[in-house]
Amino acid sequence: MKRLTALLTALLLAVLLVSGAAEPADTPEPEKADPAVQGEEVTVAESGNLRLSVNLSTCAVALWNGADGSRWDTNPVDPQEDAYTGGAVLNDIRSQLVVTYYDHQKNTATIGSYLASVLRRSFEIRKIADGVRVTYNFSRETEQFSIPLEYRLRDGALDIRIPVKDIKERGEARISEIQVLPYFLRGGNGEEGYLLIPDGSGALIDFSVPRPHAAPYKQKVYGRDLATSYYYDEGDKQAARLPVFGVSRGGSGLLAVISGNESAAYVEANPVGAVSSMANAFASFTYRQTDTALIAGKDWNYNEYPVVNDRAATRDFALCILPLEAGRAAYGDMAARYRDYLIKAGALTPLREDERLDGGVEFFGKTTERRSFLGIPYDHAVTATSFDEAAAILNELQETGSRLGAFLYGFGKGGYPGKESWNSAVGGRKGYDRLLASQKGTGGVIYGVQEFLYETDPAFLWLRQKNFARALNRDYLMKTAYSLSTYAAVTEGGGRYGLTAAELTKRLGRFFDKTPSRGGAGTSLGSIGTDLYSDYAEGSYTERQAMLESVRATLEKEDGRALAAEGGNAWLLGTVRTLYEIPTVSSRFDCAAESVPFYTMALHGYVNLAAVPFNAEEDVETAFLQCLEAGALPNFRITAKGNTVLKDTGYAFLYNTGYAGVGERLGEMLKASAALYDGLFDQPIIGHVRRGDVAVTTYANGARIAVNYGAEPADADGVTVPARGFIRIEGTGESV
């Protein structure tokens, strides 16, 4: 019988595991699996310590890591119903793909590959170079589409890819979103371990405690697509700045990097008990964008109608699964693995001494206040900070021994950014030159903040409409403000129009061509660091990833210019050397057990990383401690005028920024952080641990920074850390 089984298996492999097999028929008949080969698992690739196998009956794939003996199955073996797992969920748990689609009436439905393809035996397995390709033919009458999924072992990693050009839609159903291996990175109730998600600085979802009432995590990589409707913004929600997620389980682990079309991806995760008795993390990809449009009826009541993009994604969806070393599967080890991945990709190079910054200062210049004369409204110019005032403030702060990056908001003339131009209300070109001269020899950099992504000139907008991107609902794409009290979009005063990719790259190129690089001067890219969108205009349709690629290609041509970006989206790595307003905490969603500084652990020593301004936070002192725990640089918002003078101006959103009131404390923070970080600017962070109120961050040279959030002194590695304070511990154990 064993010889017969082996023969049948070999024959099946000859049929299934060959390159160039025919595409599944449009309406295949369900096949009956030969009982002799049910559950057969076949090795399809080996590379170093890694081995890849596929189950010929279930299409499940297993990754074997010989270095630590771990085995990672794309799906749990024989999952069962329990207190947290319903029968309907089991189909998704057994699926390698879960697909959301819509019908001709734009009704949406979701189906897994197990129920719609595997159970019906309407799939095909082919051997490909270094791996295997499984094509799932969703053959039920309501679906009628097929999706290929490829696995390859390459360079010590598992590459997973959906070649989108090979997706076939044969009926009326149209695919909108695809979840890829939703239960590959998982952990069971009570197991030792956790999931890593890229929420802000990073967060952990542990396996120890069920959280059945917690909402699942789902965030778009690099923030939401501004080409889709967004009527409410809930405030403190952090963006997913890094396209990564991971799992640590029983001393082994995997890090998943979204390596293809990452801007079309969401990172999703469920805690134990929310959907099943497992916690799981995965990537889902937008194949066709959907949205809603508000249309007023005859009674002037607004109704929502679905809007669907007719065009599908053209760039492959891909994941790079990086196995972690045996016994090195903590989130710090994941950060190191991601750092190595970025270095290999050319996105990270070590910071040089002449690039080092010790802190950031965001200055705000000219704004306007609405006034009236004889009943006629007009905008009155208000100068919050001039160039000369900024120079005086910087000179005073630099007495702390800090090398500062200054980011100038509202100092330019606005309008078409063909070259640097400075507003006369803040001192004009001569004032800017005096500011640069005052900083000569300090090592600091003056970054003029240029808004390239949006139209900034309000005059004669109708003449420039061809330069404006379109949202999916066919309206012009606009950056909208949201109310701090109701979270609703603020329509009064409109918003800023987003530019097409062609216009954006033209303006970037022209600015760089006409603005010579000067010592001590740099450029901040404005909203490019935080915002990213698609363009659905008929003549200039651009996918979100294509927008990213066109901007990056333009930035890569710049050599030697000091570039900075706000927000810290990872796609800018390799083009900028300073990122500011980077996340040092997570959103603290209910699904997560704790916030961790994964972002800075991955990037420290390779990019200047400045925190969100402390005086933009509710609790300045806690924000300072969080900054030190993360290893980020202190950052502040400053105006020469007090906030009472600015309360009715365009700077009404600023608070606690008047230098007269906050300058002394900011100087103290800069002096303390400069001493704490001495010699650490080029050192990677290699460890982080939190015990009660005390967090300890370890650098590659052995130095440790301990932060105590508690109201009482506490011990850290045998050294007393003052209450609500911090201390540096050298590799020898001595404190400084």
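Worth saying up front: this structure is predicted, and the values here are computed from it rather than measured.

A word on the overall build of the protein chain. Helix and strand counts for the protein chain stand at 12 helices and 43 strands. Counting all 736 residues of the protein chain, 57% fall into the buried class. For the protein chain, the share of sequence-separated contacts (at least 6 apart) that also reach a separation of at least 24 residues comes to 66%. Carbon and sulfur atoms form 50% of the exposed surface of the protein chain, whose accessible area is close to 30700 Å².

Here the focus is the sheet that holds strand E39 (residues 694-699). Overall, antiparallel pairing links the four strands, which are arranged E38-E39-E40-E43 in an open sheet. Of all strands in the sheet, those bounded by a partner on one side alone are strand E38 (685-691) and strand E43 (726-729). Mean inter-strand twist for the sheet, computed between neighbouring axes without regard to direction, equals 15°. Looking at chain direction, E38 and E39 are connected through six bridges and run antiparallel. Its bridge partner lying in E39, Gly687 is registered against Thr698. Packing against the sheet, helix H10 (residues 620-630) makes contact with E38, E39, strand E40 (704-708) and E43, and its axis sits at approximately 155° to E40.

Let us now look at helix H7 (residues 501-514). Three or four residues apart is the spacing at which side chains of an α-helix point the same way, because the helix has 3.6 residues per turn. In this model, H7 (14 residues) spans 20 Å end to end at C-alpha, consistent with the 20 Å of a helix rising 1.5 Å per residue. Among the residues making up H7, those that are buried are Ala501, Glu503, Leu504, Thr505, Arg507, Leu508, Phe511 and Phe512. Here the buried face of H7 lies against strand E32 (521-524), helix H8 (544-556) and strand E33 (562-566).

Taken in spatial order, the eight strands line up as E36-E34-E33-E32-E27-E26-E23-E37 in an open sheet, and their pairing is parallel. Looking along the sheet, the strands with just one partner apiece sit at the ends: strand E36 (608-611) and strand E37 (635-638). Going from strand to strand, the sheet's axes swing by 25° on average, the running direction of each strand aside. Where strand E23 (residues 359-364) lies against E37, four bridges are found, and the strand directions are parallel. Counted as the bridge partner of Val361 is Phe636 from E37.

For the rest of this paragraph, the subject is H8. In this model, H8 (13 residues) spans 18 Å end to end at C-alpha, consistent with the 18 Å of a helix rising 1.5 Å per residue. For H8, every residue scored as buried is listed here: Arg544, Gln545, Ala546, Met547, Leu548, Val551, Thr554 and Leu555. Looking at the packing, one finds that the buried side of H8 touches strand E15 (217-220), H7 and E33.

Right, let's talk about the packing of H10 against helix H12 (residues 659-676) for a bit. Direction vectors running N to C along H10 and H12 enclose 20°, while the axes themselves pass 12 Å from each other. For the element pair H10 / H12, the angle class is roughly parallel. Between H10 and H12 lies a crossing of right-handed hand. For the pair H10 and H12, contact is made by Val620, Glu621, Phe624 and Leu628 and by Arg665, Met669, Ser673 and Leu676, respectively. Across the contact of H10 with H12, the residue classes break down as five nonpolar, one polar and two charged.

The next subject is the pairing of strand E24 (residues 366-373). Each regular strand carries side chains that alternate between the two faces of the sheet. Examined bridge by bridge, E24 and strand E25 (residues 376-383) share eight bridges and lie antiparallel to one another. Residue pairing across strands places Glu369 opposite His380, the latter belonging to E25. The hairpin formed by E24 and E25 contains two residues between the paired strands, and Leu374 there has a positive phi angle of roughly 55°.

As a further point, take the packing of aromatic side chains. The geometry of an aromatic ring pair is captured by two quantities: the separation of the ring centres and the angle between the planes. Using the criterion set out here, one finds 27 aromatic pairs in the structure. Both rings, one in Phe387 and one in Phe411, keep their centres 5.0 Å apart while their planes meet at 40°; by these two values the pair is tilted. Within this pair, whereas Phe387 is found in helix H5 (residues 387-397), its partner Phe411 is found in the loop between strand E26 (404-409) and helix H6 (428-438), the two being separated by 24 residues in sequence. For the residue pair Phe387 and Phe411, the accessibility class agrees, reading buried in each case. On the basis of an interplanar angle of 85° and a centroid distance of 6.3 Å, the ring pair of Tyr651 and Phe653 is categorised as edge-to-face.

A grouping of Phe373, Leu374 and Tyr378 is seen on the molecular surface, where their side chains present a nonpolar patch of about 380 Å² in accessible area. Topologically, Phe373 is positioned in strand E24.

Scoring rules and cut-offs
Residues numbered from 1 in each chain as written. Predicted model: local features only at pLDDT ≥ 70, side-chain atom pairs only at ≥ 80, totals over all residues. Heavy atoms only, no water. Helix = DSSP H or I, 4+ residues; strand = E, 2+ residues; numbered from the N terminus. Buried < 20%, exposed > 50% of the residue type's maximum accessible area, 1.4 Å probe, protein only. Contact = heavy atoms within 4.5 Å. Areas by Shrake-Rupley, 256 points an atom, 1.4 Å probe, with all protein chains shown as cover. Pairing = 2+ DSSP bridges. Axes fitted to C-alpha atoms, helices over the stretch in contact; angles between N-to-C directions. Expected span 1.5 Å × (residues − 1). Parallel < 35°, antiparallel > 145°, perpendicular 65-115°, else oblique. Left-handed = near helix turned anticlockwise from the far one by under 90°. Nonpolar A, V, L, I, M, F, W, Y, C, P; charged D, E, K, R; others polar. Phe/Tyr/Trp six-rings, centres within 6.5 Å; stacked < 30°, edge-to-face > 60°. Patch = residues over 30% accessible without salt bridge, like charges linked within 9 Å, V, L, I, M, F, W, Y side chains within 5 Å. Salt bridge = Lys/Arg side-chain N within 4 Å of Asp/Glu carboxyl O.

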